[in-house]
Each structure stands twice: as C-alpha cells, then as structure tokens.
Amino acid sequence: MMKTGKQMKIVIIGPPGAGKGTQAKIISERLGLFHISTGDIFRKAIKDQTPVGVEAKKYIDKGALVPDEITAGIIKDRIAYKDCDEGYILDGFPRTIGQARALDNILADKGETIDYVINISLDEDTLIKRMGGRRICDSCGALYHIDDYPPKKDGECDKCGAALSQREDDKEDTIRRRLTVYKEQTLPIISYYKDKGIVVEVLVDKDNDVKELVTEVIFKAMGVS
Ligand code: AMP
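Rules behind the numbers
- Residues numbered from 1 in each chain as written.
- Predicted model: local features only at pLDDT ≥ 70, side-chain atom pairs only at ≥ 80, totals over all residues.
- Heavy atoms only, no water.
- Axes fitted to C-alpha atoms, helices over the stretch in contact; angles between N-to-C directions.
- Helix = DSSP H or I, 4+ residues; strand = E, 2+ residues; numbered from the N terminus.
- Parallel < 35°, antiparallel > 145°, perpendicular 65-115°, else oblique.
- Left-handed = near helix turned anticlockwise from the far one by under 90°.
- Contact = heavy atoms within 4.5 Å.
- Nonpolar A, V, L, I, M, F, W, Y, C, P; charged D, E, K, R; others polar.
- Buried < 20%, exposed > 50% of the residue type's maximum accessible area, 1.4 Å probe, protein only.
- Pairing = 2+ DSSP bridges.
- Phe/Tyr/Trp six-rings, centres within 6.5 Å; stacked < 30°, edge-to-face > 60°.
- Lys NZ or Arg CZ within 6 Å of the ring centre and 35° of its normal.
- Salt bridge = Lys/Arg side-chain N within 4 Å of Asp/Glu carboxyl O.

Draft legend 1. Region of the structure containing the packing of helix H6 (residues 124-132) against helix H7 (residues 172-186). At their nearest, the axes of H6 and H7 sit 10 Å apart, and the two run at 135 degrees to each other. Here H6 lies oblique to H7, going by the angle between them. Judged by the twist between their axes, the crossing of H6 over H7 is right-handed. Every residue of H7 that contacts H6 at Glu124, Leu127, Ile128, Met131 and Gly132 is listed here: Glu172, Ile175, Arg176, Arg178, Leu179 and Lys183. Class assignment of the residues belonging to the contact of H6 with H7 gives a composition of 5 nonpolar, 1 polar and 5 charged.

Draft legend 2. Structural detail: the environment of Val117. You can see Val117 is positioned in strand E4 (residues 116-121). Here Val117 falls in the buried class, since its relative accessible area comes to 0%. C-alpha of Val117 to C-alpha of Gly197: the two residues are 80 residues apart in sequence and 9.3 Å apart in space. Apart from residues no more than four positions distant in its own chain, Val117 is found in contact with Val11, Ile13, Tyr193, Ile198, Val199 and Val200.

Draft legend 3. Quick look at the sheet that holds strand E7 (residues 164-165). Spatial ordering of the open sheet is given by E6-E5-E7, a layout of 3 strands whose pairing is antiparallel. Since the sheet does not close on itself, it has two edges, and those belong to strand E6 (143-145) and E7, each with one partner. As defined by bridge partners, strand E5 (residues 134-137) adjoins E7 across 2 bridges and the pair is classed as antiparallel. Bridging across to E7, Cys137 finds its partner in Leu164.

Draft legend 4. Seen up close, the packing of aromatic side chains. As enumerated under the stated definition, the model contains 2 aromatic pairs in all. Where Tyr144 meets Tyr149, the ring centres are 5.6 Å apart and the plane angle is 10 degrees; that geometry is what we call stacked. Against the face of Tyr81 rests Arg78, its NZ or CZ located 4.5 Å from the ring centre.

Draft legend 5. Spotlight on the pattern of salt bridges. Applying the stated criterion to the full structure yields 20 salt bridges. Note that Lys57 is salt-bridged to Asp61, the shortest N-O span being 2.4 Å. The salt bridge partner of Glu201 is Lys194, with a shortest N-O separation of 3.0 Å. Judged by its relative accessible area of 38%, Glu201 is partly exposed. Accessibility expressed as a relative area gives 47% for Lys194, which makes it partly exposed. Taken together, the salt bridges that share partners define one network made up of Arg134, Arg167, Asp169, Asp170 and Arg178.

Right, dumping it as structure tokens:
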C-alpha cells in the first residue's frame, strides 16, 4: 500500500552543490516530513562550539567526511525525537556504506525501512560553478549565489542585513576534494540502495536546471502528486 507523505522516510543523495538541501526543504514542506540535514547540524555545532562541533570542524574545513561513528550517532539520536514520528527526509546522510548500514540497523531495531532514496546527478563543471558562487548569511543562514541569486546589496543579507560569507568548504580546492570524496565514498551507496529497489534517479541538465522543475521530476519519479 502506498504510504502517505506523513509516514515516509526518504534519503536524498547528490554531489555537493546539486541542490539536495533546497529540494529536501521543498519536499519536506510538501509532504509534511521533518527535514534533517547533517551538514546543518554540524554547522550549528561548530557555531556553538560544542565538543561535536570542534571535532567535526577538523574534517569539514578540509573537505573530508566526519567519521561514521559521530555522524551515525547524531542521526540515531535525532530520529528518536517525537517530531520524526510522522516521517522525515535525510539530507546529506548516509554518505558512506558504513553509514547506510548503520542507518538500516537503527531502523531495523524499530521494524522500519527507508522508502525512497532520491539520487540527484549533475555534471561536474556546473557543480563547481554553483558552489564557488555560493554565499551564506553569517547570522540567519540564508543562502545566496553571486550569479544566480545575488543579494540586493553586495555582501549583505536581504533578510537580516548581516554580512554574507563563503563557507570554508565552498572554496575551489575544497570543492574538488569534496567531489572526489563523493565519488569514492558516497556513490557506492547508490548500488547498495539499488539492490533494494528504492532508488529514484533524478538527472539535472540544462533543460531542467530550475529548482521547480527538478522538484516536479522528483515527485513524478516517486509517483507522488
Ligand atoms: P553538506 O552541507 O551536506 O554539504 O555538509 C557539509 C560537510 O559536513 C560535508 O562536506 C562533510 O564534511 C560534513 N558532513 C555532512 N554530512 C555528513 C555525513 N553524513 N558524513 C560525514 N560528514 C558529513
């Protein structure tokens, strides 16, 4: 039986810069799912200088992955909260086979499984251009792009007026390193999920490189209206 949006558990995977965060937010709002982004959790922990944040920063700043034990532990704790009872979308987790297995074990303990894995693919030049132009508000976290979605006033957030900056891990050398890490460590999990028959493939190219169109491709592929 088709689940309603409210009971679904979805994973969204894609290379850095593919827009998975943007799509995850839209999908979570449309289907009433809780949006969990491990990248956001780490950025907040870094800002608050918690022990996890201090540890995670060492890896994130150089474009490496935070070790599986830390990341899987964060997810295990987060999905145990009541707000996840109605379903959720995991954005940026799992990113390794180890994490995918850990997630399956965490869910199996509750008799649950992942329903869909949305795999967003995009060519590398576009990714580098997208990420290199990305700017984030230091205060409220709003996202901008110097070419595609510039702030009204250079270097200043439209929403709260605070300064915009480039994430350390969005600088070109780090972007290249993140793409290599993605190909080596994250792509293999697509085959892991393909074997389970739950992968929804979404190819972003010049014909649909607009966030609304990508959202429609995702919903159509999932068979959700
Ligand atoms: P994101 O915003 O999803 O691109 O995440 C930013 C950075 O946080 C990544 O480049 C990693 O260093 C770290 N990170 C986020 N999610 C994970 C994960 N599932 N496993 C390991 N590291 C992660």
